[in-house]
Amino acid sequence: MRGLPGGLLSRLVNRLRGRRVAPPTPPPPRPQCTVSHHGECRRSDPYAYLHSSQELEPVIRDENRHYRAQTRPWAGLFATVEHELHSGLSSAVWDTPGVSEGGPSTWIHYRRVFGGQGRVEYRRKNGSHDECIVDSEGLASETGEGTVEEVRVSPCGRWMGFLVGGSTLHLRPLGESLHPSRTFHQVDSFEFLWDGVHNKTAVVFTETLDSNLAKSQVVMHRLDSKSLPLSLLQATPGSGQAAWSVYLSADGRYLFVSRSDRGQNEVLFTQVKDCLALQAPSADLFSCFMPQRQHVFYMVDHKDHTFVVAHNALDLHHSCLSTIPEDQAGRQQDPAAWSPLWTPPLDEHIEGFECLQTEILVYGRRHGCAFLRILNGESPPTDVTLPWDAIQLQSVPRLVSGRDPVLPFFSFSSPVRPLSFFSVDVRSCRIHIAHQEPYFDTSSPGPSRTPAKKPLCPSDYALQKVFVTPPNGTASHPIPMLLCYRKGLRNFQEGNPTLLRFYGAYGVGVDTSFSPGNLALMRRGWIIAFAMIRGGSEQGVGWYLGGKLANKENSFADALACANFLRVQGIVSRGHLHLATMSAGSLTAAHIMHRAPSWFRSCILHCPFLDVLSSMTTHKDGLSELELEEWGRPEDLPEDYCRIQTYNPYDQLGGLSPAVLASFPSLLITTSRDDDLVPLWNPLKYVIRLRWVHQQHLNPSLSDPPQKDPLWLCRVWQHGGHVGGADRAPAEVTFLLSMDSKL
């Protein structure tokens, strides 16, 4: 039998891939759901009844059924993408750099990672003897509490502590100790204390006693005796919500307690030897380094009888380093009286620092990308040469508590490089990449139908930094945007498919870490654009403050300006610009879709926060001070209520015109039943109301009814939490490839 002509076959395949399945009929609104706030603020919420799980279940079933029916023609593409993403993962076993205890023993501690399995072993070796202390896989099955999130070894080498499931602290003796294992619950952070002179060891941890962070305390438990845990510090009544954490100075001499509360923090400190000598609670044990100030963040460390502080107390928009003598700390709390150590240029901001024996390593961001600088006494600051794709650095946590790092380690990841660890040679100002997580760059299948695999080479890709002018001169800095793409892209200035990513809320920037999904798109000629809009902290505290509360409109304007830049510069042509974000970033994405729907071909929103007003007025149980400081207090302040209502995406749907609906982009909204941050009804109310508004505008008597059948999909997974499960990445890539007709 003769085959179909090539052109006809191609048209049939394209028609099958683009076939639209009729969306589910949206449940009718209930207009009687009208509420009044502050006397004059009235709001109609026709789908408020979906807050009930009983009313929501039929909607979930209909949406999942529609998703499966619509994506069934994409099953082959989904399988190809899923295999490609998974085949890139390596099963190689590799070890992290070792850390010496530096105490009475000579053990070297390190981690062994089993690629592609999510399994980690914590090991130690002494000469030819090498043993496993904790196996994360075995521990998870033993305790049933999830993954190991934080591990510490006591400086004396006799104890190991590990935080499991984010709240349970397990302490296990090492070697031939006769001490039993111990467990503590509701723990947020911990450190080991050790006095080598008197051979005393204890563990200190922060304990949260309620879900609202209003009752926290610092507890010490001696490990060399049978004494009961001792409370060192407790939250005072009426002090409000605060997240507490403990950490040790680099030299192990001081214990710090950081309390973050309402967008600022304060640090308390005491000497380790005083803690270990304590027999009963004492109100005078801790001193406050500097009381809380609004929007002031600071970090403290100690070296050479001097405290080193990174802070923005002198200029909210610009951090600097200062020092204060050991005998003045806690008494001299005025930052203006501290000794200035180093002030970075105005286009840089400090994200952290590490105190070494003679030097200080400072790391942060310059125009959205990483810098690392060495400060050494009176010598001029020296830049460390970093990899070309280093966007943000992280200091690798010490495996052994309180050891002064001679060879500091950092980690970083980029859109084209998996997680990598490197050490710093402070003498030559160079780095040595100790390890890079293996990943294979899988090409398209050849004649044998077997994808060719080769180790991912970051130099095969390009990372270009561009700057977008903020609208109306509302920002002191231009908006950094990173364009990532495969080198040799033929049509770079002729309109490539482009995915615009951003976040811009809670001081959290856009995620530029390595993603197999982004890599799969770049292999196919896509450009990934990472926009660092206000509301994030890529350019310091001022950048964050410029996109919250009454300044939230700046986040929307920045995102719209970045999208327009891609269009005007010819990087993307009409019909090939796509959006992707999650959680609070979805509010910005929905807002700019409502303003300029014709600019975007499709949009992906994961666990989106699309009904801020309902969450903050009728479902306040899960709210913390963090949400109130980010968005406002609509329940208490009429001006906050009215401001949020103007940009709340769910409320905006009622005012969308037929012209906006006619050009509205395709949507993929994904969420999980076990998401504990954004209620399940939040995204579902949005998509249901969007369908209803669109259906009403189909009335042929309207002068400008919508002409196209929209593709708005919503997928509710059973599991996956707030970040999503294993199916999220292949589902998103499949959706984008199916939406862009240029491929």
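Residues numbered from 1 in each chain as written. Predicted model: local features only at pLDDT ≥ 70, side-chain atom pairs only at ≥ 80, totals over all residues. Heavy atoms only, no water.

Visitor: Residue-level account of helix H9 (residues 585-595), with values.
Guide: Of all the 11 residues making up H9, 10 are buried; the element is thus mostly covered by neighbouring parts of the structure. Inspection of H9 places Gly 585, Ser 586, Leu 587, Thr 588, Ala 589, Ala 590, His 591, Ile 592, Met 593 and His 594 among the buried residues, and these make up the whole buried set. (Buried < 20%, exposed > 50% of the residue type's maximum accessible area, 1.4 Å probe, protein only. Helix = DSSP H or I, 4+ residues; strand = E, 2+ residues; numbered from the N terminus.)

Visitor: Break down the pattern of salt bridges for me, citing the residues and quoting the values.
Guide: In the structure shown here, the tally under the stated rule is 29 salt bridges. The salt bridge involving Arg 124 is made with Glu 131; its shortest N-O contact spans 2.6 Å. When the shortest N-O distance is used, the salt bridge between Arg 417 and Asp 389 registers 2.9 Å. Of the two residues, Arg 417 is situated in strand E30 (residues 417-425) and Asp 389 in the loop between strand E27 (382-383) and strand E28 (393-395); the sequence distance between them amounts to 28 residues. Sharing partners across several salt bridges, the network here consists of Arg 43, Asp 45, Asp 611, Asp 651 and Lys 685. (Salt bridge = Lys/Arg side-chain N within 4 Å of Asp/Glu carboxyl O.)

Visitor: If you had to explain the packing of aromatic side chains to someone new, which residues and values would you point to?
Guide: Using the criterion set out here, one finds 22 aromatic pairs in the structure. Each ring, one from Tyr 254 and one from Phe 307, has its centre 4.9 Å from the other, and the planes form 70 degrees; the classification is edge-to-face. Remark: Phe 307 occurs in strand E21 (residues 306-311) and Tyr 254 occurs in strand E17 (residues 254-261); sequence separation between them is 53 residues. The buried category is assigned to Tyr 254, whose relative accessible area is 4%. (Phe/Tyr/Trp six-rings, centres within 6.5 Å; stacked < 30°, edge-to-face > 60°.)

Visitor: Tell me about the confidence of the model for the protein chain, and name the residues and values.
Guide: Here the protein chain averages 83 in pLDDT, and 84% of its residues register 70 or above. pLDDT under 50 marks residues 1-18. Its contacts with residues more than four places away, or in other chains, come to seven contacts. Confidence drops under pLDDT 50 across residues 444-449; counting only partners more than four residues distant or on other chains, this segment forms three contacts. (pLDDT = per-residue confidence, 0-100. Contact = heavy atoms within 4.5 Å.)

Visitor: Provide a residue-level description of the sheet that holds E27, including the pertinent values.
Guide: Strand order in the open sheet made by the four strands is E24-E25-E26-E27, with antiparallel pairing throughout. At either margin of the open sheet sits one strand with a lone partner, and together these are strand E24 (348-355) and E27. With two bridges joining them, strand E26 (residues 369-375) and E27 adopt antiparallel strand pairing. Paired with Ile 374 across the two strands is Thr 382, which belongs to E27. (Pairing = 2+ DSSP bridges.)

Visitor: Report on the sheet that holds strand E8 (residues 148-153), specifying residues and quantitative values.
Guide: Read from one edge to the other, the open sheet built from four strands follows the order E8-E9-E10-E11, with strand pairing classed as antiparallel. Strands with a single pairing partner mark the edges of an open sheet, and in this sheet they are E8 and strand E11 (182-184). On average, each strand axis in the sheet is tilted by 15 degrees relative to the strand beside it, whichever way the strands run. With six bridges joining them, strand E9 (residues 159-164) and strand E10 (residues 168-173) adopt antiparallel strand pairing. Opposite Val 164, over in E10, you have Thr 168 as the bridge partner. (Axes fitted to C-alpha atoms, helices over the stretch in contact; angles between N-to-C directions.)

Visitor: Can you tell me about unusual backbone geometry, naming the residues and giving the values?
Guide: Although it is not a glycine, His 305 sits at a positive phi angle of roughly 60 degrees. Looking at the element boundaries, His 305 is found in the loop between strand E20 (298-303) and E21. Look at His 305 and you get exposed, because its relative accessible area is 52%. With a phi angle near 45 degrees, Cys 607 is a residue other than glycine that sits in the positive phi range. In this fold, Cys 607 is placed in the loop between strand E39 (602-606) and helix H10 (612-617).

Visitor: I'd like a rundown of the pairing of E30, residues and numbers included.
Guide: Among the nine residues of E30, seven are classified as buried, and the element is accordingly described as predominantly covered. Direction of pairing for strand E29 (residues 409-414) relative to E30: antiparallel, over a ladder of five bridges. Paired with Phe 410 across the two strands is Phe 422, which belongs to E30. With antiparallel pairing between neighbouring strands as the criterion, E29 and E30 make up a hairpin whose turn holds two residues. Examined bridge by bridge, E30 and strand E31 (residues 430-436) share six bridges and lie antiparallel to one another. Looking across to E31, one finds that Val 424 is bridged to Ile 431. Linking E30 back to E31 in an antiparallel pair, the connection comprises four residues, with Cys 429 at a positive phi of about 60 degrees.

Visitor: Tell me what's going on with the packing of helix H2 (residues 53-71) against helix H15 (residues 681-696), and back it up with residues and numbers.
Guide: Direction vectors running N to C along H2 and H15 enclose 70 degrees, while the axes themselves pass 11 Å from each other. Regarding the angle of H2 to H15, the classification is roughly perpendicular. As H2 runs across H15, the sense of the crossing is left-handed. Where H2 approaches H15, its residues Leu 56, Val 59, Ile 60, Glu 63 and His 66 are matched on the opposing element by Trp 681, Leu 684, Val 687, Ile 688 and Arg 691. A per-class count over the contact of H2 with H15 returns seven nonpolar, one polar and two charged. (Parallel < 35°, antiparallel > 145°, perpendicular 65-115°, else oblique. Left-handed = near helix turned anticlockwise from the far one by under 90°. Nonpolar A, V, L, I, M, F, W, Y, C, P; charged D, E, K, R; others polar.)

Visitor: Provide a residue-level description of the environment of Val 120, including the pertinent values.
Guide: Inspection of the secondary structure assignment puts Val 120 in strand E6 (residues 119-126). The spacing of Val 120 and Asp 95 is 25 residues in sequence and 9.6 Å in space, taken between C-alpha atoms. Discounting chain neighbours no more than four positions away, the residues touching Val 120 are Arg 111, Arg 112, Val 113, Val 134, Asp 135 and Ser 136.

Visitor: Could you give an account of the nonpolar core, naming the residues involved and the relevant values?
Guide: Ranked by size, the top nonpolar core spans 62 residues in total, and within it Met 481 and Leu 500 carry the most contacts. Those residues in contact with Met 481 that sit more than four places away from it in its chain are Gln 464, Lys 465, Val 466, Val 468, Leu 500, Ala 529, Phe 530, Ala 531, Cys 562, Phe 565 and Leu 566. Formed by 36 residues, the second largest nonpolar core is a distinct cluster that contains Ala 520, Met 522, Ile 528 and Met 739. (Core = buried A, V, L, I, M, F, W, Y, C linked by side-chain atoms within 4.5 Å.)

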